[in-house]
Amino acid sequence: MGLFDRVSRVVRSNLGAMVSAAEDPEKILEQSVTDMQEDLIQMRQAVAQAMASQKRLQQKYNQAQTEANEWQRRAQLALTKGDENLAREALTRKKTNAEVAAGLKSQVDGQTAQLDTLKRNLVALESKISEAKTKKDMLSARARAAKATEQINQVMGNMNTGSSMAAFERMEDKVLQMEARSEAVAELAGDNLEKQFAMLESGSDVDADLLALKEQMALSAGGTPKGALPQAAPQDTSKNSVVDAELEQLRAELEKG
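Residues numbered from 1 in each chain as written. Predicted model: local features only at pLDDT ≥ 70, side-chain atom pairs only at ≥ 80, totals over all residues. Heavy atoms only, no water.

1. A look at the overall build of the protein chain
Scanning the protein chain for helices and strands turns up five helices and zero strands. Ordering the α and β elements of the protein chain from the N terminus gives α-α-α-α-α. Taken across its 257 residues, the protein chain has 12% of its residues classed as buried. Taking as baseline every contact in the protein chain between residues at least 6 positions apart, the subset at least 24 positions apart corresponds to 79%. Put simply, the protein chain shows about 20,400 Å² of open surface, and 56% of that area lies on carbon and sulfur atoms. (Helix = DSSP H or I, 4+ residues; strand = E, 2+ residues; numbered from the N terminus. Buried < 20%, exposed > 50% of the residue type's maximum accessible area, 1.4 Å probe, protein only. Contact = heavy atoms within 4.5 Å. Areas by Shrake-Rupley, 256 points an atom, 1.4 Å probe, with all protein chains shown as cover.)

2. Remarks on the side chain of Lys136
Structurally, the position occupied by Lys136 is in helix α3 (residues 84–158). Lys136 sits in the buried class, given a relative accessible area of 14%. Within the structure, the side chain of Lys136 is placed 3.2 Å from the side chain of Glu30, a separation counted as a polar contact. Look past the residues within four positions of Lys136 in its chain and what remains in contact with it is Leu29, Glu30 and Val33. (Polar contact = N/O pair within 3.5 Å; in protein donor to acceptor, adjacent residues only side chain to side chain.)

3. Topic: the pattern of salt bridges
Taken as a whole, this structure holds eight salt bridges when the rule is applied. Here Arg44 and Glu126 are joined by a salt bridge, their closest N and O atoms 3.1 Å apart. Highlighted residues: Arg44 in helix α2 (residues 25–80) and Glu126 in helix α3, separated in sequence by 82 residues. Accessibility expressed as a relative area gives 43% for Arg44, which makes it partly exposed. Among the salt bridges present, the one from Asp137 reaches Lys136, with a minimum N-O distance of 3.1 Å. A single network of salt bridges, built from pairs that share partners, joins Glu30, Lys136 and Asp137. (Salt bridge = Lys/Arg side-chain N within 4 Å of Asp/Glu carboxyl O.)

4. So, α2
Taking 1.5 Å per residue, 56 residues should reach 82 Å; α2 reaches 81 Å between its end C-alpha atoms and fits that length. Residues of α2 that are buried: Val33, Leu40, Val47, Ala50, Gln54, Leu57, Tyr61, Ala64, Ala68, Trp71, Ala75 and Ala78. Downstream of α2 by a residue or two, Gly82 has a phi angle that is positive, lying close to 85 degrees. (Expected span 1.5 Å × (residues − 1).)

5. A closer look at the packing of aromatic side chains
For any pair of aromatic rings, the description rests on two quantities: the centre-to-centre distance and the angle between the ring planes. Within this structure, the stated rule accounts for zero aromatic pairs. Stacked on the ring of Trp71, the Lys or Arg Arg74 has its end atom at 4.6 Å from the ring centre. (Phe/Tyr/Trp six-rings, centres within 6.5 Å; stacked < 30°, edge-to-face > 60°. Lys NZ or Arg CZ within 6 Å of the ring centre and 35° of its normal.)

6. Considerations on the nonpolar core
Grouped together as the largest cluster of nonpolar side chains are eight residues: Leu40, Val47, Ala50, Leu115, Leu118, Leu122, Leu125 and Ile129. Looking at which element gives the most residues to this core, the answer is α3, with five residues. Residues within four places of Leu118 in sequence aside, it is in contact with Met43, Ala46, Val47 and Ala50. If you look at the next biggest cluster of nonpolar residues, it comprises six residues, including Leu57, Ala64, Leu104 and Val108. (Core = buried A, V, L, I, M, F, W, Y, C linked by side-chain atoms within 4.5 Å.)

7. Thoughts on the confidence of the model for the protein chain
Here the protein chain shows a mean pLDDT of 77. Residues at 70 or above account for 71%. Predicted confidence in the protein chain is weakest over helix α1 (residues 3–22), with a mean pLDDT of 53, and strongest over α2, with 90. Across residues 224–233, where pLDDT falls below 50, the model places seven contacts with residues more than four positions away in sequence or in other chains. (pLDDT = per-residue confidence, 0-100.)

8. Comments concerning the side chain of Gln54
Relative to the assigned elements, Gln54 resides in helix α2. Leave out the neighbours within four places in its chain, and Gln54 touches Val108, Gln111, Thr112 and Leu115.

Take a look at the structure:
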């Protein structure tokens, strides 16, 4: 293959690709229908011209046939009058007109066949144009829908959906962590408060136990009931020292607790 042929093929292929890419389906369909309508106009004009030509040929044929019939009548008239020469001349004219009529009849028949063909083609073209208009509207709508879908897909393709979703997931994890920390702080604060109340309550129990112990020891020492004033009695120094030691021990334990 020569260099020129190769370059020519490359140029044709590139031009074909450029033309194909530049073609707008809606515009091409519209132009196709317009071209078909122009063909229809030309076809109608051709049919009209053929009908007019056939009509003229038919008139000429009828005229020639009428002339032939008229010369036939005159030949018969001259013969009845005994004028054979005149009758012969009339028959000669009749033959000439008959030959003309025969030629015109052939043309009329041919023109009629051609006109019938043109009429059939005209009807077929009208049907095709009607069908093309219907298809054009449908294909144009499909082309617009396809173009809109393509644009939407391009927009969706340009969107960084994966990165956006990853950012949402990271923020969701962060919010969950913040909520978990908040709950933990709340739990710790609640535990501290509970401990404080528990210490207060335990302290109250110890005070109650201490009071009960004092009353018991007071009863053991002198038999004085709760709430009564103790009677004066000689104090046992050894016993008081023991009680004081136990009291100090209880106080130390309470302070440690």
